[in-house]
Amino acid sequence: MKNYSLLFVIIYCLISGCNPKESTNTAINETEDALESRIDSILSKMTLEEKIGQTAQRGKSSRVKELPEELKDAVRKGEIGSFLNIMNKEDAKELQRIAIEESPNNIPLIFARDVIHGFKTIFPIPLGQAGTFDPELVELGARISAIEASTYGIRWTFAPMLDISRDPRWGRIAESGGEDPYLTAVMGTAYVKGFQGEDLSLPTSMAACAKHFVGYGAAEGGRDYNTANINNVSLHNTYLKPFKKAVETNVATFMTGFNDLNGIPASGNTYLLKEVLRDQWGFDGFVVSDWNSIIEMIPHGFAKNEYQAAEKSAKAMLDMEMTSTAYQNNLKTLIEEGTISENQLNSMVRNILRIKLRLGLFENPYFDPNSDILYDQKHLEAAKETALKSIVLLKNDNNILPLKREQRLAIIGPLADAPHEQLGTWTFDGEKEHTITPLLSFKKDSIYNFKYSQGLSFSRDKKNAGFAEAIQTAKNSDIILFFGGEESILSGEAHSRANLDLPGAQEQLITELHKIGKPIVLILMAGRPITLTNILDKVDAVICAWHPGTMGGDAIKEILSGKVSPSGRLPVTWPKEVGQIPIYYNHKNTGRPVVPDEYVHMDSIPIGAWQSSLGNTSHYLDLGYLPQYPFGYGLTYSNFEYSDVSISSKSIKKGDTIVVKATVTNTGTVKASEVVQLYFRDMVGSITRPIKELLRFKRVALDAGASKEIEFTFNTDDLSFYGVDKKWIVESGDFMLWVGKDAQDTTHELTFVIE
Ligand code: BGC
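Residue numbering note: each chain is counted from 1, following its sequence as written. In keeping with the predicted nature of the model, local features appear solely for residues at pLDDT of at least 70, side-chain atom pairs appear and are counted solely at 80 or more, and the whole-chain, interface and lining totals rest on all residues. Calculation of side-chain values draws on the structure's entire complement of heavy atoms; hydrogens and water are dropped beforehand.

**Side note on the side chain of Thr256**
In this structure, Thr256 sits in strand β6 (residues 253–256). Each residue gets one of three labels from its accessible area relative to the maximum for its type: buried under 20%, exposed over 50%, partly exposed in between, using a 1.4 Å probe on protein chains only. Accessibility expressed as a relative area gives 0% for Thr256, which makes it buried. Here a polar contact is taken to be a pair of N or O atoms separated by no more than 3.5 Å, where protein atoms must pair a possible hydrogen donor with a possible acceptor and residues adjacent in sequence count only if both atoms sit in side chains. Of note is the side chain of Thr256, whose polar atom sits 2.8 Å from the side chain of Ser267. Secondary structure elements follow DSSP: runs of H or I no shorter than four residues count as helices, runs of E no shorter than two count as strands, and numbering proceeds from the N terminus.

Shown next, in the form of structure tokens:
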């Protein structure tokens with residue numbers, strides 16, 4: 001895959017007239033010192049107003065098409081540093097021309113857009129991409145997104161979103177890498193590398209943006225924009241980890257969150273933006289606010305007015321303001337009054353200019369509108385490959401899947417042919433006309449005899465008018481393929497849900513279809529885990545395809561037909577019921593962990609029972625303690641067995657490297673892929689540690705009967721944690737390791753000691 005992605009880079013650099021080896025950009029060849037001197041020289045020529053102008057990002061909502069004339073005048077005066085959502089190429093070029101030719105210091109603009117999981121060619125939602133456990137493929141997808149988006153002059157994407165989410169009610173879980181800090185960090189690195197390319201100054205590279213800094217995914221009750229309370233130790237060990245990794249990967253920009261974190265809104269949070277991001281991590285790119293998030297500190301009750309909001313954000317070192325105008329209206333007065341020093345503003349502008357220089361915008365401000373590359377065949381193939389690897393087989397009773405050629409299929413459900421819906425959230429630029437739906441895919445090469453009857457017009461449809469026809473279609477078939485889930489608008493920003501069952505009358509329709517007695521395969525397309533308790537026993541197989549993007553239909557068909565064995569794994573714990581949320585695998589043990597044999601379900605409690613604590617452990621009387629499916633889970637059409645699981649040494653010194661080996665054998669009858677997962681537990685710590693933490697993973701494709709030895713290498717530093725004394729430490733003591741199929745697999749256990 002690595003070579004494949006490199007090949008892409010080379011091909012596209014050739015097409016777009018750049019050469020990765022010989023960058024024509026002088027900025028990138030400058031030493032850092034020379035770059036800083038260049039910034040000094042630009043800064044020395046700028047007036048206070050022009051400096052403030054660089055901190056302003058203006059733009060339009062993604063729906064607005066017209067560009068107000070006054071914005072051009074503002075660029076002419078040097079009052080704007082960046083735009084978002086300018087999707088008319090002529091407008092973008094004209095704005096850039098004004099900035100370069102008519103503004104006081106000829107500083108180029110930087111154009112931004114939410115290019116989250118594809119530009120025109122849409123890849124699966126990031127949650128699905130995390131489920132591939134294939135960072136090289138994710139990197140390739142981000143590379144392709146940058147190649148496509150840069151044809152519109154977009155050199156900055158507001159991605160990747162690195163918010164850890166343990167709450168599928170939160171709509172933006174779709175845009176996340178799931179619940180695990182390690183997996184999110186690995187995927188975040190892949191996105192950053194892919195977006196930014198080999199060299200940020202190439203015309204097809206986009207500055208990435210690590211967002212939302214930080215804690216946004218821990219919103220209370222999963223309600224978007226809500227308060228996050230995270231203690232400092234968890235903040236570092238869980239929520240900050242992927243962001244730290246992004247800085248190590250040279251991410252160019254950061255975005256703050258809308259949320260209040262422990263009483264301080266993220267956009268005015270000096271601890272996060274100054275102490276952690278700049279002083280501890282040495283980040284030298286720039287930080288942008290989220291949309292209006294500076295002035296939203298007023299309703300947060302953290303600032304009295306825009307003036308105070310601007311003061312707090314600037315003091316925290318938030319460099320650029322997205323859409324609202326608190327900086328523009330107040331920074332000058334704040335500086336003239338001495339509340340903020342001009343040096344402070346200089347640092348903010350310096351950070352912005354640094355990235356503009358690194359992007360090569362001063363040398364190559366314009367873009368080449370080579371749109372032929374959009375939806376290129378290779379892009380579509382990569383999108384299909386990603387969708388294929390993201391699809392998770394959750395249930396497959398009696399090996400009902402893959403389908404058999406002679407079976408007559410009933411294709412039913414609101415999402416079998418919903419080209420817009422399968423693209424998922426944040427797909428402003430994807431066009432449904434290019435989408436391959438499952439129905440279209442079955443129509444394209446019909447090796448199957450199938451009939452289609454939608455049953456419900458859309459996922460929230462509550463009317464049963466289409467039931468009779470769907471039931472008739474099902475009666476005349478051998479197997480029912482039910483394409484259900486949620487429309488794309490039900491996940492994403494501001495789209496939190498309190499109930500995660502299939503919406504509308506989908507459960508009723510499945511119940512009716514079940515009565516016919518034919519096997520049912522439920523294919524879910526959704527932005528999050530969907531609770532299945534009411535219908536799980538009525539379906540024989542379940543596939544989670546997330547929102548799979550442009551090529552989703554072909555990918556789903558290849559999985560159903562058995563051309564490819566499913567290989568996606570869950571990047572998030574799948575709850576049985578909403579009442580279990582937050583639910584995640586790397587929780588603490590508590591003083592009263594569950595003892596499975598002692599668990600008492602409430603139906604087993606005798607009437608009039610004596611007041612007792614019933615097992616005395618941490619569980620629910622009605623739902624137990626297990627999720628529906630654990631983190632890392634996913635079936636294939638084959639079977640894998642692990643043997644010869646070993647560790648290089650049982651007694652290790654701090655700083656040592658450790659090697660864990662295991663042999664994986666495909667004991668089934670078809671080629672398939674396994675995601676081998678390595679988890680560890682620090683048994684006793686100066687603070688309590690999670691019962692398990694993902695340490696490494698490896699995807700391995702094996703022919704039937706084949707074996708492979710897998711090797712995981714790590715250092716004791718990888719076992720460190722952020723402690724109460726605010727330092728990363730590795731403590732001596734006992735550790736456990738598991739090599740397995742998912743977070744609940746404890747079959748292969750190892751122990752070692754750090755001396
Ligand atoms: C979102 C950001 C996004 C920005 C610009 C905000 O509402 O929270 O993630 O990048 O809008 O579209």
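**A look at the site of the ligand**
Nearness of a residue to a molecule or strand requires only that one of the residue's heavy atoms be within 4 Å of it. The environment of the ligand is formed by 13 residues, the closest being Asp114, Arg172, His212, Asp290 and Glu493. Within the side chain of Asp114, an N or O atom sits 2.4 Å from an oxygen atom of the ligand. Contact between the ligand and His212: an oxygen atom at 2.7 Å from a side-chain N or O atom of the residue. Using a 1.4 Å probe, accessible areas were evaluated by the Shrake-Rupley method; residue-level cover was limited to the displayed protein chains. Relative to its free-state accessible area of 310 Å², the ligand is covered by the protein chains to the extent of 94%. Following the grouping adopted for this structure description, the nonpolar residues are Ala, Val, Leu, Ile, Met, Phe, Trp, Tyr, Cys and Pro, the charged ones are Asp, Glu, Lys and Arg, and the polar ones are all others, Gly among them. Among the residues making up the shell around the ligand, the classes are represented as 7 nonpolar, 1 polar and 5 charged.

**Here's the deal with empty space enclosed by the protein**
A cavity here means a set of points on a 1 Å grid, drawn over the protein atoms and nothing else, where a 1.4 Å probe fits but cannot get out; a pocket is an open set with protein on both sides within 12 Å along at least five of seven lines, and a residue lines either one if it has an atom within 4 Å of a point. Grid points are joined across faces, edges and corners, and a volume is the space filled by probe spheres set on the points. Tallied over the entire structure, the rule returns 3 cavities of 30 Å³ or more. Every residue lining the largest cavity is counted, 14 residues in all, and those nearest its centre are Pro126, Pro160, Met161, Glu175 and Tyr191. Elements supplying a minimum of two residues to the lining of the largest cavity: α7 (126–130) and α9 (181–196). For the lining of the largest cavity, the class distribution of residues is 9 nonpolar, 4 polar and 1 charged. By volume, the second largest cavity is sized at about 80 Å³. Forming the boundary of the second largest cavity are 13 residues, of which Gln54, Gly78, Ser103, Pro104 and Ile107 lie nearest the centre.

**As for the domain arrangement of the protein chain**
Residue ranges assigned to the domains are those given by an automatic or database domain assignment. Segmenting the protein chain into domains produces domain 1 (3–358), domain 2 (391–561) and domain 3 (640–754). Computed from C-alpha coordinates alone, the two centres of domain 1 and domain 3 are separated by 35 Å. Contacts are assigned to residue pairs that have any heavy atoms within 4.5 Å of one another. Listed per partner, the contact involves 14 residues of domain 1 and 15 residues of domain 3. Every case where a carboxyl oxygen of Asp or Glu lies within 4 Å of a side-chain nitrogen of Lys or Arg is listed as a salt bridge. On the surface where domain 1 and domain 3 come into contact, there are 0 salt bridges. Where domain 1 meets domain 3, there are 4 residue pairs in polar contact (both at pLDDT 80 or more). At the level of secondary structure, the elements contributing two or more residues to the side of domain 1 that touches domain 3 comprise α9 and α10 (232–239). Ranked by residues supplied to the side of domain 1 that touches domain 3, first place goes to α10 with 4 residues. Each residue belonging to the side of domain 1 that touches domain 3 can be placed in one class, and the counts come to 7 nonpolar, 4 polar and 3 charged.

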